[in-house]
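# Inside the fold
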Amino acid sequence: MTDELPELRASDADRERVAERLREAVAEGRLDMEEFQERLDATYKARTYGELEPVTRDLPAVAGPGAAPGHPGATGAWAERIGGAPTSSGGVAVMSGFSRKGVWTVPRRFNCFAFWGGGEVDLREARFEAPEVVVNAVAIMGGVDVIVPPGVDVVVRGWGIMGGFEERLGDDLPEPGAPRVIVTGFAFWGGVGVKRKVTRAEKRRLKEEQRRKGLEK
């Protein structure tokens, strides 16, 4: 947004950035649903930067990717998994499904949408373009599952209308140097699930380790 040229035409991406900030403000408790809806309507009707600027004027700015207070740099084992060009920018499922799993590189912002369908965003073996990435999941009469590996710092900011965001992350603490994954968006008559799981290879390794310990006793 720019104060110097308020008459410049805003793009769809500009409006979507403002809409996302409003969704985050709801999750943070800064806006109630009535205020959110009023501002969201104004956002999508806005044609210029000058019309967009007042929508978030009284909301604090959000730090950019990788700039979150206290977030450590890429160190240790995680250093090898942070950096590189993204291999996918999003996923769409309309009466169908999509899946992103295995070895792939998550962009700074991954947008996904499910309508009468389902999607899976599996980050267990993924690389990350930056120390902080955003998964924006929208589920309308459908569902999206986001799977994260142990050690990753996860922040869930999504909300639902006759639907919901369900997180099953356990008590696992973020590891030093691990990336941060922010899951946001909304669910309408649908759901977004965020859960932490180890890979099948790691499960096998842990089982073998337990078996060996049992033999040593």
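Anyway, here's the lowdown on the structure attached to this text. (Residues numbered from 1 in each chain as written. Predicted model: local features only at pLDDT ≥ 70, side-chain atom pairs only at ≥ 80, totals over all residues. Heavy atoms only, no water.)

### As for the overall build of the protein chain
Counting its regular elements, the protein chain contains four helices and 13 strands. Excluding contacts between residues fewer than 6 apart, the proportion of contacts in the protein chain whose partners are at least 24 apart in sequence is 68%. Approximately 12000 Å² of the protein chain is accessible, and the part contributed by carbon and sulfur atoms is 53%. (Helix = DSSP H or I, 4+ residues; strand = E, 2+ residues; numbered from the N terminus. Contact = heavy atoms within 4.5 Å. Areas by Shrake-Rupley, 256 points an atom, 1.4 Å probe, with all protein chains shown as cover.)

### A short note on the packing of helix H1 (residues 12-27) against helix H2 (residues 33-45)
Packing of H1 against H2 brings their axes to within 10 Å, and their N-to-C directions diverge by 175°. Classified by the interaxial angle, the pair formed by H1 and H2 is roughly antiparallel. Residues Arg 15, Glu 16, Val 18, Ala 19, Leu 22, Arg 23 and Val 26 of H1 pack against Met 33, Phe 36, Arg 39, Leu 40, Thr 43 and Tyr 44 of H2. In terms of residue class, the contact of H1 with H2 is built from eight nonpolar, one polar and four charged. (Axes fitted to C-alpha atoms, helices over the stretch in contact; angles between N-to-C directions. Parallel < 35°, antiparallel > 145°, perpendicular 65-115°, else oblique. Nonpolar A, V, L, I, M, F, W, Y, C, P; charged D, E, K, R; others polar.)

### Side note on the environment of Ala 25
By the secondary structure assignment, Ala 25 is in helix H1. In sequence terms Ala 25 and Pro 60 are 35 residues apart; their C-alpha atoms lie 9.1 Å from each other. Once residues within four sequence positions are removed from consideration, Ala 25 is found in contact with Arg 30, Leu 31 and Leu 59.

### Remarks on the nonpolar core
Formed by 29 residues in total, the largest nonpolar core has its most connected members in Val 106, Cys 112, Val 121, Leu 123, Val 144, Val 146 and Val 181. Among the secondary structure elements, those contributing two or more residues to this core are strand E4 (109-115), strand E7 (132-140), strand E8 (143-148), strand E12 (180-188) and strand E13 (191-196). Of the residues forming this core, the biggest block, four residues, is contributed by E7. Sequence-distant contacts of Val 146, that is, excluding residues within four places in its chain, are made with Val 121, Val 135, Val 183, Gly 193, Val 194 and Lys 195. Ranked by size, the runner-up nonpolar core spans 18 residues in total, among them Ala 25, Leu 31, Val 55 and Val 138. (Core = buried A, V, L, I, M, F, W, Y, C linked by side-chain atoms within 4.5 Å. Buried < 20%, exposed > 50% of the residue type's maximum accessible area, 1.4 Å probe, protein only.)

### Focus on a nonpolar patch on the surface
Nonpolar side chains collect at one region of the surface, where Met 33, Ile 161, Met 162, Phe 188 and Trp 189 lie side by side and expose about 490 Å² of accessible area between them. One can find Ile 161 in strand E10 (residues 159-161). (Patch = residues over 30% accessible without salt bridge, like charges linked within 9 Å, V, L, I, M, F, W, Y side chains within 5 Å. Salt bridge = Lys/Arg side-chain N within 4 Å of Asp/Glu carboxyl O.)

### Digging into the packing of aromatic side chains
Each aromatic ring pair is specified by the distance between its two centres and by the angle formed by the two planes. Applying the stated criterion across every chain yields a total of five aromatic pairs. With a centroid separation of 5.2 Å and 80° between ring planes, the pair formed by Phe 36 and Trp 159 is classed as edge-to-face. Remark: Trp 159 occurs in strand E10 and Phe 36 occurs in helix H2; sequence separation between them is 123 residues. Trp 159 matches Phe 36 in its accessibility class, with the two residues each being buried. Measuring from centroid to centroid gives 5.6 Å for Phe 115 and Trp 116, while their planes differ by 0°, and the two rings are stacked. (Phe/Tyr/Trp six-rings, centres within 6.5 Å; stacked < 30°, edge-to-face > 60°.)

### Describing the pattern of salt bridges
In the structure shown here, the tally under the stated rule is six salt bridges. Between Asp 58 and Arg 39 there is a salt bridge, and its shortest N-O distance comes to 2.8 Å. With Asp 58 in the loop between helix H3 (49-52) and strand E1 (90-94) and Arg 39 in helix H2, this residue pair connects regions lying 19 residues apart in the sequence. Among the residues examined, Arg 39 registers a relative accessible area of 17% and is labelled buried. Among the salt bridges present, the one from Arg 180 reaches Asp 153, with a minimum N-O distance of 2.9 Å. Remark: Asp 153 occurs in strand E9 (residues 153-156) and Arg 180 occurs in strand E12; sequence separation between them is 27 residues. When sorted by exposure, Arg 180 lands in the same class as Asp 153, which is buried. What emerges from the salt-bridge pattern is a single network uniting Glu 132, Asp 153 and Arg 180.

### A look at the environment of Pro 86
Take Pro 86: it is sitting in the loop between H3 and E1. When the C-alpha positions of Pro 86 and Thr 105 are compared, they lie 4.7 Å apart, and in sequence the two are 19 residues distant. In contact with Pro 86, other than residues within four places in its own chain, are Thr 105, Val 106, Pro 107 and Glu 129.

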